[in-house]
Amino acid sequence: MSDEDSRSVGEQAENTSTFTLEDTEGCDTEPSEVQQEPGAISKEFPADKYYNYEELHSRPTITPDSEIPENLLHFSHSFGYDSRRRSNLKLLDETTLMFIAGNLLVLLDVSTKQQRYLRSCSGGGIGALAVHPTREFFTVAEKGNHPIIVVYEYPSLRPCRVLRGGTKCKFSCVDFNLDGSLLASVGGAPDYRLTLWNWRQEEVMQSCKGISQEVYRVSFSPYDPERLTSSGSGHIKFWKIATTFTGLKLQGVMGHFGKTAATDIEGYVELPDGKVVSGTEWGNLLLWEGNTVRVEICQKEERNCHVGMVQPFNLEDGQLMTFGADGAVRVWDLERINTANISGTSSRFEMEPINELVVGHNVWLSSVVRSSLPDSYIWFVQDSNGAIWKLDLSFTNMAADPECLFSFHSGAIQGLDVSKKSHLMATTTLDRSVRVFDFVANRELITTRFNQGGTTLGWAPPMVNQSGGLLVTGFEDGVVRLLELYNPQRLQGAAERSPETDAQLRLRQAFKPHNAPVSAVAYDRSGEILATGSSDCTVWFFTVGEWYNPIGYIHVPGPVKALDWSPNSHSKSRLLILCHNGHVVEVYSPDPGAQESSKTFKLHNLPRRSFRFKSIKSRIKREEEVKKRQGAKEKKMKERAERFKEIREEGIVFLEEEEEEEKKDLPAICFPNPPSPVCCGFYSQPGQFWLSMGGFDAGFLYHCKLSEDQDEDPLQRQDEPFAFRHISDADDNPICSMTFSSDRQLLLCGMQSGSIRVYPLQPGDHSLTSMQAYWALNVHDNEYGHLRHVRCSLDDLFVLTAGDDGNIFCFCLLPPEELQKTLGTKTKIPSPRVGLENEALARDIEDPTAYCIETAKKKMEKDNLRREAELKEAETQRRLVELRRRFKQVLNDNQSLPEHIQLKPEELLLDRRFYEQAEKLKARKVMEVRKQMAWEQERCSIALRKLQEWSEGSLQADIITVVAIRSDHRVSTYRLPAFRWASTPNKPQIINHRNGDRESGQERRKPRADPSKDSQQTEDQCLEEVVLQPTVVAKARVKLGDRQEEKLRKAAEKAQQARAKIERRKQEWAQIYAEKPEEDYMDPEDVQAIFEAKENLGEFIKGKQLRIHEQQSKMNRRIVALRDSKVRLVSWMAAQAQRLQEVQRGLPAHRRQPPPTLATLLPEETLERKLQVSQATLERYRTLREQRIKCVDQGEQEEAVSLLEQLEKEMKLEEEEDKEKGEDGSSTVSAGTRYDQETQVELSELEVELQMEDEIRMLHEQNCLRQQMESSVCQFDTDLLQLYRHKLHLDSQMKLDDLQLLTLFQEMMLLKQFEKREGELQERLNVCIQEEKNISLKLEEYNELLELKRSNIAKLQERESSLQLRERRLDLEELLAEEKSIAKSLKKEIDMLIKKDKLVRTSRQSVETDLELINQEKQLKMDELDVVVPLRLDQIAFLSNGSMPSDLREASVLNRTELHRLQQLKLQLEAENIEQKDLLRQAQLQRNRLVREAKHKVTRIQELELESNELQMKKFGRLVDLEALHMLTGSRRLEELKQEKRLLEAAQAKEIRHWDVKIEEALEASTEAMKTHNELLYKLSTLYEEKMELEIKINARQKKLGRQQFQDHRRRVNQDAIQQLQELLKKQSQQAEALQKRISLLSSRGGHVLPHNCARLAPMTPLPTPTSDKSIQGASNWPELHQ
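Quick caveat: nothing in here was measured; it's all calculated off a predicted structure.

**Student:** Help me understand the overall build of the chain in this model?
**Tutor:** Per the secondary structure count, the chain includes 23 helices and 60 strands. By residue count, 36% of the 1683 residues in the chain fall in the buried class. Considering only residue pairs separated by 6 or more positions, the chain has 60% of its internal contacts joining residues 24 or more positions apart. As displayed, the chain has an accessible area near 103000 Å², and 52% of this comes from carbon and sulfur atoms.

Laid out in structure tokens, this is it:
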């Protein structure tokens, strides 16, 4: 942004008519929440009034009474973009984009790339943005303590409205409605409040809590102005704005995901019909109807719509557009989405997008805004990977390609440093890029990307690289890369190439010292050594030069946080290593030329000192508290001494208070576990350094010193800082980074809250004693924008900051005008090295799994040792071969000598011990080899055993075919794999909850019934105590008479009989209720049958399969037995044929009969012979295998013929040759016989006779042999034919069984398919029934309690009417009010339970309906199953027009026996139906009679209960427990009390009679006195009249006398008379009151209490007393006397 642009915002705000309020400056104060009441008259806010921006925006915080100027730092430029923030891109007009950058709002001009800025008003950051539909306004919702919402006018950027009171901490999202009249805002934690604003009048229309989860978005419906939608973490909520007589009301309904997994919802689009389409985390779309998910939408073959998070964002022309984290924009058919339904068992709806646009690789689209031009298809897109794109979504052939407008870093800035030679800045992040900026021209020079993300970065000092263009960058895979920055235009031949940019980064060297991310790099003060640290707890040292070579490395106690070389002021060069876990290590600079070992780079002898931080914060707090209390104590002592002089009594009070205060505990000393992390640090003096700690120890800078005693283990030592500096307002806000200006007069600190602090320091202040006042400004995001990098430029004119929010800010210490004058020249980019254009590119390390330097050296050393060992072994082998050759030559020479000269083998042995040693060594090696090969031997033996088992079992799995000898019949075995049990559905668990529920209900009712009785008794006792309050006087026990003793005994017997009768009746009722069946009673036999059917369904199928398997196995055994008999027959026939051949040799040729055809065994009859091989075959296989290996090694290409196939061919050839040899032998034998016959000589007669006998015998034997062979063959063929027919019959049976088993499996799978749904509904039904039972039990309990309270209220009202004493009446009224309030609350509970019962009943009915529908559907599915029945044509009797129809689906399959049985069953069912109808009619009549009797009995019971209650009220005055009354035994104490009562009544009656006499006498006396008094009063009045007449006369006569004396005398006389009369009146009134009290006391001493239905007598009117009459008359005469 140019300086003119940055100033224009404030100038425009000042030139307008401003509207300032007193509370606009204190934005952090808590405002009162204002809500417009309905009907109230609100003050109209002027439309042309604006706030003053300069008074509204936040300002730097400066220590009071300091001389630090407010404009210490001037904001210059923002180089970053918080691309990971949600919806951080808005469009104000066609060329202006708006986004949030920490505490700034950036307005970016797309065409000119200029920026304008607005600061936040609260200083706590900005939470969300929204643009008005007219684009004339935009709103900024802030963060902080009670943040505000500021509405700015555009393009003037004047704040026109300020909204207060919407949330406590921050706003997460805001949105205008369609016409822009309302604004909706949602707050963040902890209140998550949704607020509707009339923003033009700064009024809250309605406010309520949204949901206790983070909300990502809220929006008004574009189709219904009274609907809103909000979504966020794991939820979506649908709101309705209802207008009531009290005003607007927000009603929200939470969306239920149902079977779909809950997901975070970033975006959604509302459809015109009210449905909502939302995205998911896994990339599919959800269609919401109402508040439930109707369907989940995916692509074909259940592929996700997008990869990663998906958001729908636009609905236009019947098409829905979505974008996702995969960088693609896809268009979907809205009509198909709107009508999508779930089909089959899948819960997803599959469809393909209409159009698709892939923006680019490594693109994560997270937010889009549309161009402000009408009918425009241009969209601006926020890329979470650090870019802003411009897309043309017209999806036409003329559409432009995606254009990347701006590119930024993505995520937290991991490394930042500035050049020591020019105004250049380099940064790196985990987005795998390194960028270089010119912060004077406010532009990015070059961006270079790598395979791994960058973690740290440092700029080489000028002493290392004079041009200032060398960067050292560390990456997350442990690689360190040296990058050269240069101007390519200054290369030789650059004019010919015309490079596009004026800066370029070139890889100079890459090496990998670490196996974990590199966390720090640093050059020593001489520029000769480079140190690198990593989170793998190692620090490496390299020599600096044209090529960086490793010196070595050391291990440190923790992950390296920072490296700091000692400054030039120190005498020796040392490296301070700060570890993240609180360890600090100082090492000396290693010698670059010293190499300790050739096997490893580890530096064992490098001197080092260790420091392990020990927390002292709790001790500091404790000491501060002690000082605070000591100061307060001293102050109080002074006040006490001053006040003690004035008031001496207050000293003791102060002393007691002081002692009480001393008892308060001091803060405890504690140590954090795990230890606090180190944030940053730096050297102060040799051996001393400052540390900034995070976590528990934040809020201080600790001055630490390295101990000289380093004998202790570094991991166990505990070192405390020797000094510290308190950092104000930093207990939860530690310093993350620190840097000094070049003159060390300014200390710049980056805080965890994202603010920058500047502390002015005195020169040479190593102890930071001048670190008091500071200047602070919130720049980065206060929540996650931890400011980890602060740097000053080479001339200290610029300050650069970078935080975890991805923002990079530039500040200057001079105003823009002075800065332009100071910086006259352009920033210089370093020139390239000489000959750089001729150098080859350095080799990069791209494989993240490559070896590090130490591992590579160890591997190389290991390889060298292995290579040396191999050479040594080869030399030894060569020598052995030479010796063996020479020894063989000696042996040959020895053998060539004559025998008597030859040496014996024993003589060739040089020493017997060598032979024995060799034998021992051989035996030992053989044993070792056997041990080594033991596992292999066991493996081979197991493999052999498995092959043997397989060969045995394969006979069942393979098919053996037995072929007849004289016919073509053949029979084969069944293929029988290993039998596996059929999978059956899980057995249902039938659990009867009814008894348990009933018992639990009774148990719940029982403990509540007893307390009610107890409470009733206690209440009655309390009432009696309140109402009567009798005085109990302990007296001696009264002896009872014989009559009373007999009465007690009879009462006890009667109670015992009543108790036994009641118990007997209870047992009878319990038995009756136990025998009474429940409403859902089921016959136990039916339950057991159902249970057995469910249990045995799988067993039945298993048994069916087992029977099939057994029959097939039996048939297989018979076939195998037949095969074995054929094998025996073949061998026997071979023997017989050989015998026949021997017999035929002795017969002439014409006598020989042709031998029968010999049976042969086919290969399919003896499959096991394939696995039988001879030793010769194995040897031949080994030979062929070796030949094949040699051919492969020689590279010869042959046909890929298997060795086994080649071996089989050779075996067949050998068999054929053997057969030919046999035939040749037989022909030779026959030829020999013929030759013998031809060459035989003539025989004698005897010899001829003997020959004839032999011939006859041989002919007979020949015939017998042929017959035996023929008969055996025929018998075998007969057996095979019989077995063949039996197998055909078995095949038909097996096929029928398989078809039946298939039907059973189909039924079982169908039942299993419905089992889950039915189980869920049954569970819901059980829950509804259980809730209904619980509600009914609660209703009964509450009704009982309500009746009890009503009876108590009635009793209290009756007693209230009978009480006259005021105190007791008030207590009774309090009890009555309490009982009424309890009864009212019980009535409310009962009403609520009745409503709940109705809802539960409705839900139960719906569940029962669904269950019935499922049963019907299940039965329908069962009926639809096809059953296969084989039929012969003669069995079909279903004919149509004399011919068999083609469709037999309407036919039934029955046999005659079954048909006859069905006909008989039909007759039986008809008869049974008639019988059952008669039984039903009789049962209905009996039921009607029982119902009438039950109604009559109920009515009679109610009448008897009313009569019983009336009798109880008349007799006892209240309802009592009759059973308890019947079981009451005679109480001896009661009888004694009755006797005592009678005696007391007699004595009191006597005393009452005595007092009655006295009262009558007193009444008579008082009557006489009253009469006397009346007479006296009458006389007095007469005298008074006469006196008045006399006075008139005297006055008339004595006018001349002095009036004063006469009046005084008359007044004295009158006063004396009045005083006497008053005393008399007072005395008589006291007597009357005493008599009245005596009368009332005597009337209540009788102890009789009137019944409740008897009215009390009217109170007695007090008797007239003479004093009262006199007082009245005297009062009437007093005025006359005064006159």
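**Student:** Would you mind going over helix 13 (residues 1042–1075) with me for this structure?
**Tutor:** One full turn of an α-helix is made of 3.6 residues, so residues set three or four places apart face in the same direction. If you check helix 13, its first and last C-alpha atoms are 50 Å apart, about what 34 residues at 1.5 Å a residue would give, namely 50 Å. Along helix 13, the positions that sit buried rather than exposed are Gln 1044, Leu 1048, Ala 1055, Ala 1058 and Ile 1062.

**Student:** Help me understand the pairing of strand 48 (residues 678–685), please; the structure alone is not making it clear to me.
**Tutor:** Residues in a regular strand point their side chains to alternate faces of the sheet. With seven of eight residues buried, strand 48 is to be regarded as a mostly interior element. With six bridges connecting them, strand 48 and strand 49 (residues 688–693) associate as antiparallel partners. Bridge pairing links Tyr 683 to Phe 689 in strand 49. Hairpin remark: strand 48 followed by strand 49, antiparallel, with two residues in the connecting loop; positive phi at Gly 687, about 80°.

**Student:** For this particular structure, what's the right way to read the sheet that holds strand 6 (residues 115–119)?
**Tutor:** Whenever strands of a sheet pair, they do so through backbone hydrogen bonds, lying parallel or antiparallel. Read across the sheet, four strands follow the order 3-4-5-6 without closing on themselves; strand pairing throughout is antiparallel. Every other strand in the sheet has two partners, leaving strand 3 (90–93) and strand 6 as the edge strands with one partner each. Neighbour-to-neighbour, the strand axes of this sheet turn through a mean angle of 30°, independent of strand direction. Inspection of the sheet shows strand 5 (residues 104–109) paired to strand 6 by five bridges, in the antiparallel sense.

**Student:** Looking at this structure, how should I read the sheet that holds strand 30 (residues 387–392)?
**Tutor:** Overall, antiparallel pairing links the four strands, which are arranged 28-29-30-31 in an open sheet. At either margin of the open sheet sits one strand with a lone partner, and together these are strand 28 (365–370) and strand 31 (403–407). The sheet shows a mean angle of 25° between the axes of neighbouring strands, direction not considered. Direction of pairing for strand 29 (residues 378–383) relative to strand 30: antiparallel, over a ladder of six bridges. The residue of strand 30 that forms the bridge with Phe 380 is Lys 390.

**Student:** Sorry if this is basic, but what is going on with a positive patch on the surface here?
**Tutor:** On the surface, Arg 1043, Lys 1047, Lys 1538 and Arg 1542 cluster together to form a positively charged patch. Its location among the elements puts Arg 1542 in helix 21 (residues 1532–1597).

**Student:** Honestly, the nonpolar core in this entry has me stumped. Any pointers?
**Tutor:** The nonpolar side chains of a soluble globular protein tend to be buried, and buried together. Counting residues in hydrophobic clusters, the biggest one holds 32 residues, and the most contacted among them are Leu 73, Ile 756, Trp 775 and Val 799. Every element with two or more residues in this core is listed here: strand 4 (96–101), strand 5, strand 31, strand 54 (755–760), strand 55 (775–778), strand 56 (787–792) and strand 58 (808–812). Among all residues touching Trp 775, those that are not within four sequence positions of it are Pro 60, Thr 61, Ile 62, Ile 68, Pro 69, Glu 70, Leu 72, Leu 73, Ile 756, Arg 757 and Val 758. Counting residues in each nonpolar core, the second largest holds 26 residues, with Ile 965, Ile 1108, Met 1133 and Phe 1276 among its members.

**Student:** Is there a simple way to explain the packing of aromatic side chains in this structure?
**Tutor:** Applying the stated rule across the entire model yields 28 aromatic pairs. Ring centres of Phe 313 and Phe 323 lie 5.3 Å apart, and the angle between their planes is 50°; on these two criteria the pair is classed as tilted. One end of the pair, Phe 313, is in strand 23 (residues 310–316); the other, Phe 323, is in strand 24 (residues 319–324), and 10 residues separate them in sequence. Overall, Phe 323 belongs to the buried group, its relative accessible area being 3%. Look at Phe 406 and Phe 408: their rings are 6.4 Å apart centre to centre, the planes differ by 25°, and that puts the pair in the stacked class.

**Student:** When you look at the pairing of strand 37 (residues 470–475) in this model, what are you seeing that I'm missing?
**Tutor:** For strand 37, the tally of buried residues reaches six of six residues, placing the bulk of the element in the interior. Residues of strand 37 alternate between two faces, with Leu 470, Val 472 and Gly 474 on one and Leu 471, Thr 473 and Phe 475 on the opposite face, all of them buried. Strand direction decides the pairing type here: strand 37 and strand 38 (residues 480–486), joined by five bridges, are antiparallel. Across the sheet, residue Leu 470 finds its bridge partner in strand 38, namely Glu 484. The hairpin formed by strand 37 and strand 38 contains four residues between the paired strands, and Gly 478 there has a positive phi angle of roughly 90°.

**Student:** Would you mind going over the pattern of salt bridges with me for this structure?
**Tutor:** In a structure, side chains of opposite charge can pair up when their charged atoms sit close to one another. If you walk through the whole model with that rule in mind, you get 69 salt bridges. Across the pair Glu 586 and Arg 609 runs a salt bridge whose closest N-O atoms are separated by 2.7 Å. Within this pair, whereas Glu 586 is found in strand 46 (residues 583–588), its partner Arg 609 is found in strand 47 (residues 608–612), the two being separated by 23 residues in sequence. Like Arg 609, Glu 586 is buried. Asp 1391 serves as the salt-bridge partner of Lys 1387, at 3.1 Å between the closest nitrogen and oxygen. Of this pair, Lys 1387 and Asp 1391 both sit in helix 18 (residues 1366–1424), four residues apart, which is roughly one turn of that helix. For Lys 1387, a relative accessible area of 37% puts it in the partly exposed group.

**Student:** Would you explain the confidence of the model for the chain in this entry?
**Tutor:** Low-pLDDT stretches of the model should not have their predicted coordinates read in fine detail. Mean pLDDT over the chain: 81, with 83% of residues reaching 70 or higher. Across residues 981–1036, where pLDDT falls below 50, the model places 64 contacts with residues more than four positions away in sequence or in other chains.

**Student:** What should I look at first to understand the environment of Arg 1049 in this one?
**Tutor:** Along the chain, Arg 1049 falls in helix 13. When its relative accessible area of 40% is taken as the criterion, Arg 1049 is described as partly exposed. Once the C-alpha coordinates of Arg 1049 and Ser 1531 are considered, the two residues, 482 residues apart in sequence, prove to be 9.8 Å apart.

**Student:** Just to check I follow, could you spell out the side chain of Ser 122 for this structure?
**Tutor:** In this fold, Ser 122 is placed in the loop between strand 6 and strand 7 (126–131). Within the structure, the side chain of Ser 122 is placed 3.3 Å from the backbone nitrogen of Gly 124, a separation counted as a polar contact. Polar side-chain contacts of Ser 122 include one of 2.6 Å to the backbone oxygen of Lys 143.

**Student:** Please clarify how the environment of Val 307 should be interpreted in this entry.
**Tutor:** Considering the arrangement of structural elements, one finds Val 307 in the loop between strand 22 (292–298) and strand 23. The sequence separation of Val 307 and Asn 284 amounts to 23 residues, and the corresponding C-alpha distance is 8.6 Å. Excluding residues that lie within four positions of it along the chain, Val 307 makes contacts with Ala 325 and Asp 326.

**Student:** Where do I start with a negative patch on the surface in this structure?
**Tutor:** On the surface, a cluster of negative charge is made up of Asp 1556, Glu 1560, Glu 1561, Glu 1564 and Glu 1568. Along the chain, Glu 1561 turns up in helix 21.

**Student:** What's the story with a nonpolar patch on the surface in this structure? I'm lost.
**Tutor:** On the surface, Leu 1454, Leu 1459, Leu 1462, Leu 1465 and Leu 1469 cluster together into a nonpolar patch covering about 390 Å² of accessible area. Secondary-structure assignment places Leu 1462 in helix 19 (residues 1456–1516).

**Student:** Please clarify how unusual backbone geometry should be interpreted in this entry.
**Tutor:** Negative phi values dominate among residues other than glycine, just as trans dominates among peptide bonds. Omega for the bond connecting Tyr 154 with Pro 155 falls within 30 degrees of zero, at 10°, which places this linkage in the cis form. One can find Pro 155 in the loop between strand 9 (148–153) and strand 10 (158–164). Cis geometry is adopted by the peptide bond preceding Pro 190, which originates at Ala 189 and carries an omega value of 10°. One can find Pro 190 in the loop between strand 12 (183–187) and strand 13 (193–198). Positive phi outside glycine occurs at Tyr 192, with the angle close to 50°.

Definitions and cut-offs
Residues numbered from 1 in each chain as written. Predicted model: local features only at pLDDT ≥ 70, side-chain atom pairs only at ≥ 80, totals over all residues. Heavy atoms only, no water. Helix = DSSP H or I, 4+ residues; strand = E, 2+ residues; numbered from the N terminus. Buried < 20%, exposed > 50% of the residue type's maximum accessible area, 1.4 Å probe, protein only. Contact = heavy atoms within 4.5 Å. Areas by Shrake-Rupley, 256 points an atom, 1.4 Å probe, with all protein chains shown as cover. Expected span 1.5 Å × (residues − 1). Pairing = 2+ DSSP bridges. Axes fitted to C-alpha atoms, helices over the stretch in contact; angles between N-to-C directions. Patch = residues over 30% accessible without salt bridge, like charges linked within 9 Å, V, L, I, M, F, W, Y side chains within 5 Å. Salt bridge = Lys/Arg side-chain N within 4 Å of Asp/Glu carboxyl O. Lys, Arg positive; Asp, Glu negative; His and termini not counted. Charge placed at Lys NZ, Arg CZ, Asp CG, Glu CD. Core = buried A, V, L, I, M, F, W, Y, C linked by side-chain atoms within 4.5 Å. Phe/Tyr/Trp six-rings, centres within 6.5 Å; stacked < 30°, edge-to-face > 60°. pLDDT = per-residue confidence, 0-100. Polar contact = N/O pair within 3.5 Å; in protein donor to acceptor, adjacent residues only side chain to side chain.

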